[in-house]
Amino acid sequence: MLAYQYNNKDIEIVESRNGEDIEFHLQVLDHVEEILPKLKAVRAFFESDDVYTDVLFYTYPNHRYSAIVRPEFYADFVLQLMKHKLLIQVEWVD
(Lines give C-alpha, C1' and ligand atoms only; values in the text may rest on other atoms or scores of the structure.)
Protein backbone atom coordinates (compact mmCIF):
# COMPACT_ATOMS: atom_id res chain seq x y z
CA MET A 1 0.00 0.00 0.00
CA LEU A 2 1.09 3.55 -0.66
CA ALA A 3 0.74 6.46 1.71
CA TYR A 4 0.83 9.96 0.26
CA GLN A 5 0.61 13.55 1.32
CA TYR A 6 -0.70 16.56 -0.56
CA ASN A 7 -1.21 20.26 0.03
CA ASN A 8 -4.68 20.25 1.58
CA LYS A 9 -5.06 23.98 0.97
CA ASP A 10 -5.01 23.41 -2.79
CA ILE A 11 -6.61 20.00 -3.25
CA GLU A 12 -8.53 17.42 -1.27
CA ILE A 13 -8.17 13.73 -2.09
CA VAL A 14 -10.45 11.11 -0.61
CA GLU A 15 -9.83 7.47 -1.46
CA SER A 16 -12.47 4.76 -1.06
CA ARG A 17 -13.26 1.23 -2.24
CA ASN A 18 -15.65 0.82 -5.14
CA GLY A 19 -16.17 -2.92 -5.35
CA GLU A 20 -12.74 -4.28 -6.22
CA ASP A 21 -11.59 -0.91 -7.56
CA ILE A 22 -10.31 2.16 -5.74
CA GLU A 23 -12.13 5.44 -6.24
CA PHE A 24 -10.38 8.77 -5.82
CA HIS A 25 -12.50 11.86 -5.19
CA LEU A 26 -10.52 14.99 -5.97
CA GLN A 27 -11.67 18.50 -5.14
CA VAL A 28 -9.59 21.45 -6.30
CA LEU A 29 -9.77 24.06 -3.55
CA ASP A 30 -7.33 26.77 -4.65
CA HIS A 31 -4.90 27.64 -7.44
CA VAL A 32 -7.34 26.17 -9.96
CA GLU A 33 -5.45 27.59 -12.95
CA GLU A 34 -2.31 25.73 -11.82
CA ILE A 35 -3.86 22.44 -10.70
CA LEU A 36 -6.35 21.77 -13.50
CA PRO A 37 -3.68 21.34 -16.21
CA LYS A 38 -1.91 18.86 -13.94
CA LEU A 39 -5.08 16.82 -13.45
CA LYS A 40 -5.68 16.93 -17.20
CA ALA A 41 -2.14 15.64 -17.78
CA VAL A 42 -2.78 12.69 -15.45
CA ARG A 43 -6.01 11.95 -17.28
CA ALA A 44 -4.33 12.24 -20.68
CA PHE A 45 -1.62 9.78 -19.62
CA PHE A 46 -4.16 7.06 -18.85
CA GLU A 47 -6.41 7.85 -21.80
CA SER A 48 -3.48 7.55 -24.21
CA ASP A 49 -2.37 4.06 -23.15
CA ASP A 50 -3.70 0.79 -24.58
CA VAL A 51 -5.73 -0.23 -21.50
CA TYR A 52 -9.11 1.48 -21.71
CA THR A 53 -10.36 0.50 -18.27
CA ASP A 54 -7.25 1.11 -16.14
CA VAL A 55 -8.51 4.45 -14.83
CA LEU A 56 -11.93 5.93 -15.56
CA PHE A 57 -12.29 9.68 -15.02
CA TYR A 58 -15.43 11.66 -14.24
CA THR A 59 -15.80 15.42 -14.11
CA TYR A 60 -18.32 17.23 -11.89
CA PRO A 61 -19.20 20.90 -11.33
CA ASN A 62 -17.14 23.11 -9.04
CA HIS A 63 -13.78 21.53 -9.86
CA ARG A 64 -14.66 18.08 -8.51
CA TYR A 65 -13.34 14.93 -10.16
CA SER A 66 -13.45 11.20 -9.62
CA ALA A 67 -11.11 8.52 -10.86
CA ILE A 68 -11.97 4.85 -10.59
CA VAL A 69 -8.72 2.90 -10.59
CA ARG A 70 -8.31 -0.84 -11.08
CA PRO A 71 -6.15 -2.28 -8.27
CA GLU A 72 -3.28 -3.27 -10.58
CA PHE A 73 -2.96 0.39 -11.69
CA TYR A 74 -3.18 1.93 -8.20
CA ALA A 75 0.57 2.58 -7.89
CA ASP A 76 0.74 3.94 -11.44
CA PHE A 77 -2.07 6.38 -10.69
CA VAL A 78 -0.55 7.62 -7.43
CA LEU A 79 2.86 8.00 -9.08
CA GLN A 80 1.31 10.03 -11.92
CA LEU A 81 -0.19 12.35 -9.30
CA MET A 82 3.29 12.65 -7.79
CA LYS A 83 4.94 13.18 -11.18
CA HIS A 84 2.65 16.14 -11.84
CA LYS A 85 3.31 17.56 -8.38
CA LEU A 86 -0.19 17.05 -7.06
CA LEU A 87 1.30 15.07 -4.19
CA ILE A 88 4.09 16.18 -1.87
CA GLN A 89 5.26 12.77 -0.71
CA VAL A 90 4.68 9.10 -1.51
CA GLU A 91 5.96 6.13 0.47
CA TRP A 92 5.40 2.39 0.73
CA VAL A 93 3.79 1.24 3.98
CA ASP A 94 3.03 -2.26 5.20
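Described in the following lines is the structure provided in the data block.

**What about the sheet that holds strand 4 (residues 55-60)?**
- Taken in spatial order, the four strands of this open sheet run 2-3-5-4, and their pairing is antiparallel. Looking along the sheet, the strands with just one partner apiece sit at the ends: strand 2 (11-18) and strand 4. Between one strand axis and the next, the sheet turns by 15° as a mean value, whatever way the strands run.
- The strands touched by helix 2 (residues 74-83) within the sheet are strand 2, strand 3 (21-28), strand 4 and strand 5 (64-69), with strand 3 carrying the most contacts at an inclination of about 15°.

**Things to note about the pattern of salt bridges**
- In total, this model carries three salt bridges according to the counting rule given.
- The partner of Arg43 in a salt bridge is Glu47, and the shortest N-O contact between them spans 2.8 Å. Of this pair, Arg43 and Glu47 both sit in helix 1 (residues 32-47), separated by four residues, roughly a single helical turn.
- For Arg43, a relative accessible area of 28% translates into the label partly exposed.
- Glu72 serves as the salt-bridge partner of Arg70, at 2.5 Å between the closest nitrogen and oxygen.

**Regarding the environment of Arg64**
- Position of Arg64 relative to the elements: it lies in strand 5.
- Other than its neighbours up to four places away in sequence, Arg64 contacts Leu26, Gln27, Tyr58 and Thr59.

**Concerning unusual backbone geometry**
- For His31, which is not glycine, the phi torsion reads 55° and is therefore positive.
- In this fold, His31 is placed in the loop between strand 3 and helix 1.
- One non-glycine residue, His63, lies in positive phi territory at about 60°.
- In this structure, His63 sits in the loop between strand 4 and strand 5.
- Take His63: its relative accessible area is 33%, and that puts it in the partly exposed class.

**Some details on the environment of Leu87**
- You can see Leu87 is positioned in the loop between helix 2 and strand 6 (89-92).
- Classification of Leu87 by relative accessible area gives buried; the value is 5%.
- Those residues in contact with Leu87, other than ones at most four positions away along the chain, are Tyr4, Gln5, Tyr6, Ile13, Val78, Leu81 and Met82.

**Looking at the side chain of Lys38**
- Position of Lys38 among the secondary structure elements: in helix 1.
- Side-chain polar atoms of Lys38 contact the side chain of Glu34, separated by 3.4 Å.
- Non-local contacts of Lys38, meaning those with residues more than four positions away in its chain, are made with His84, Lys85 and Leu86.

The rules behind each value
Residues numbered from 1 in each chain as written. Predicted model: local features only at pLDDT ≥ 70, side-chain atom pairs only at ≥ 80, totals over all residues. Heavy atoms only, no water. Pairing = 2+ DSSP bridges. Helix = DSSP H or I, 4+ residues; strand = E, 2+ residues; numbered from the N terminus. Axes fitted to C-alpha atoms, helices over the stretch in contact; angles between N-to-C directions. Contact = heavy atoms within 4.5 Å. Salt bridge = Lys/Arg side-chain N within 4 Å of Asp/Glu carboxyl O. Buried < 20%, exposed > 50% of the residue type's maximum accessible area, 1.4 Å probe, protein only. Polar contact = N/O pair within 3.5 Å; in protein donor to acceptor, adjacent residues only side chain to side chain.

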